[in-house]
Amino acid sequence: MRWRDAARMADTITVPRGLAGVVVTDTRIGHVRGLEGFYHYRQYSAIDLAERRTLEDVWALLIDGSLPAEPKALHEEIVPLRHIPPAVAAALPDIATAAVSPDPMGGLRAALAIAGLAAGARPLYDTSPAERRAEAMALCALTPSLLAALFRLRAGLDPIEARDDLSHAANYLYMITGEEPSEAHARSIERYLIATVDHGFNASTFTARVIASTGADIYACIGGALGALSGPLHGGAPSRALDTLDAIGSIDRADSWLRSRILNGERIMGFGHPIYRTEDPRSRMLKGVAQALGGQLVDFAVAVEERVLSLLAELKPGRELHTNVEYYAGVVMHLCGLPREMFTPTFAASRVIGWCANVLEQAEDSKIIRPDSRYIGPPPPQPVP
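Not measured: the values here are computed from a predicted model.

A. Region of interest: the side chain of Asn358. Looking at the secondary structure, you find Asn358 in helix H17 (residues 343–363). Reaching out from Asn358, the side chain makes a polar contact with the side chain of Asp198 at a distance of 3.3 Å. Once residues lying within four places of it in the same chain are set aside, the contact partners of Asn358 are Ile29, Asp198, Phe201, Thr205 and Arg209.

See below:
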């Protein structure tokens, strides 16, 4: 054994599967305190920000480190960045029709890869902080426009050009539906977007930072994060939670439908979270948003939530399972006119801001993230047959 291999083995530390509970770096962006049911962006409660500030304000907070002194300044900066460059727009019809079945996340990954090429994206390793910030702002502003355009093209409709006078959230709804949203709908979606901008070192955020640690360009980092988010164990649950409500159909069917699945050990979509051991604060806020919008779907969702929690307490005593962000997120997005296939992409339109903030922070550290592994195969070396 070479001395370097021996030294490396001496420094190896075994950690839990999935890196659960392992601190891998320092961050100033935010944190999740799961036992308390609390999370924050920089020094502010994320829920307080969703209640009191705009998405543009929170965007500035994550990217620049502070709330803007002049809120209109960021709006004016991102307005021209929303418009899809001609070279990218020309490729969107082929991307939209390439998939056998609708795949908004796959389409976005392809579109952003082309956008990065068209923008001449350079490795983070070779760029200045100002250049990195400019690329991050452009990527975040462009993402909702790409999502909306791809959705409309798949539906056989023409993409709608971004409007300079609308807020980021209102503009996103407008580019998808073709109608200027009501103030209530725009603000409801904005609050959802703010609440999901960042959420600790989840799989997609960590993926973005690992890629950033190699010095790759920011489009590669976000493409990797999108790939991680596309996995059903990380993204996609808002539509599945709404599918559960559809499957139950009416409150008189709820107990029998839920009881059989709980006893069979099946997961009830929209309940439980790997971090929170109490109520997900995002769910609590979105429940209030849904109730403000009102309607039969909201009443039904609230009634089903009560039955789920009651049956879980009866059938799985001592197991802490609460409503998570996906449950009421699906209800809110549906009421605001978003189709189900756009639920996870809408999440991505928000989270891209948090990903970019993490990429910018990681780019300040020149150390590549390179963990080790434990080999458990047949002992080497053996004769080659």
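So, next bit.
B. Examining the nonpolar core more closely. By size, the foremost hydrophobic cluster in this structure holds 110 residues, and its most contacted members are Tyr41, Trp59, Ile218, Ile222 and Cys356. Discounting chain neighbours no more than four positions away, the residues touching Cys356 are Ile63, Ala136, Leu139, Cys140, Ile218 and Ile222.

C. Quick peek at the sheet that holds strand S3 (residues 44–45). Read across the sheet, three strands follow the order S1-S2-S3 without closing on themselves; strand pairing throughout is antiparallel. Whereas interior strands pair on both sides, the edge strands pair on one side only; in this sheet they are strand S1 (30–33) and S3. When strand S2 (residues 38–41) meets S3, the two strands line up antiparallel, connected through two bridges. If you follow Tyr41 over to S3, its bridge partner there is Tyr44.

D. Unusual backbone geometry, seen in detail. The omega angle of the peptide bond from Pro380 to Pro381 is -10°, so this bond is cis rather than trans. Even without glycine at this site, Arg42 takes up a positive phi of about 50°. Along the polypeptide, Arg42 turns up in the loop between S2 and S3. In this structure Arg42 comes out as buried when scored by relative accessible area, which is 16%.

E. Fine view of the pattern of salt bridges. Evaluation of the coordinates by the stated rule reveals 18 salt bridges. Between Arg53 and Asp57 there is a salt bridge, and its shortest N-O distance comes to 2.9 Å. Its relative accessible area of 26% is what places Arg53 among the partly exposed residues. A salt bridge links Arg122 to Glu131; the nearest nitrogen and oxygen atoms lie 3.4 Å apart. Each of Asp64, Glu77 and Arg133 takes part in one network of salt bridges that share partners.

F. Seen up close, the packing of aromatic side chains. Enumeration according to the criterion identifies three aromatic pairs in this entry. A centroid spacing of 5.7 Å and a plane angle of 80° characterise the contact between Tyr39 and Tyr41, whose relative ring orientation is edge-to-face. Exposure remark for Tyr41: the relative accessible area of 1% places this residue in the buried category. Measuring from ring centre to ring centre gives 6.5 Å for Phe201 and Phe206, while their planes differ by 35°; the resulting arrangement is tilted. A residue is classified by how much of its surface remains accessible, and Phe206, at 22% relative accessible area, is partly exposed. The side chain of Arg163 reaches across the aromatic face of Tyr174, ending 5.1 Å from its centre. A cation over an aromatic ring shows up here: Arg282 above the ring of Tyr39, its NZ or CZ 6.0 Å from the ring centre.

Analysis parameters
Residues numbered from 1 in each chain as written. Predicted model: local features only at pLDDT ≥ 70, side-chain atom pairs only at ≥ 80, totals over all residues. Heavy atoms only, no water. Helix = DSSP H or I, 4+ residues; strand = E, 2+ residues; numbered from the N terminus. Polar contact = N/O pair within 3.5 Å; in protein donor to acceptor, adjacent residues only side chain to side chain. Contact = heavy atoms within 4.5 Å. Core = buried A, V, L, I, M, F, W, Y, C linked by side-chain atoms within 4.5 Å. Buried < 20%, exposed > 50% of the residue type's maximum accessible area, 1.4 Å probe, protein only. Pairing = 2+ DSSP bridges. Salt bridge = Lys/Arg side-chain N within 4 Å of Asp/Glu carboxyl O. Phe/Tyr/Trp six-rings, centres within 6.5 Å; stacked < 30°, edge-to-face > 60°. Lys NZ or Arg CZ within 6 Å of the ring centre and 35° of its normal.

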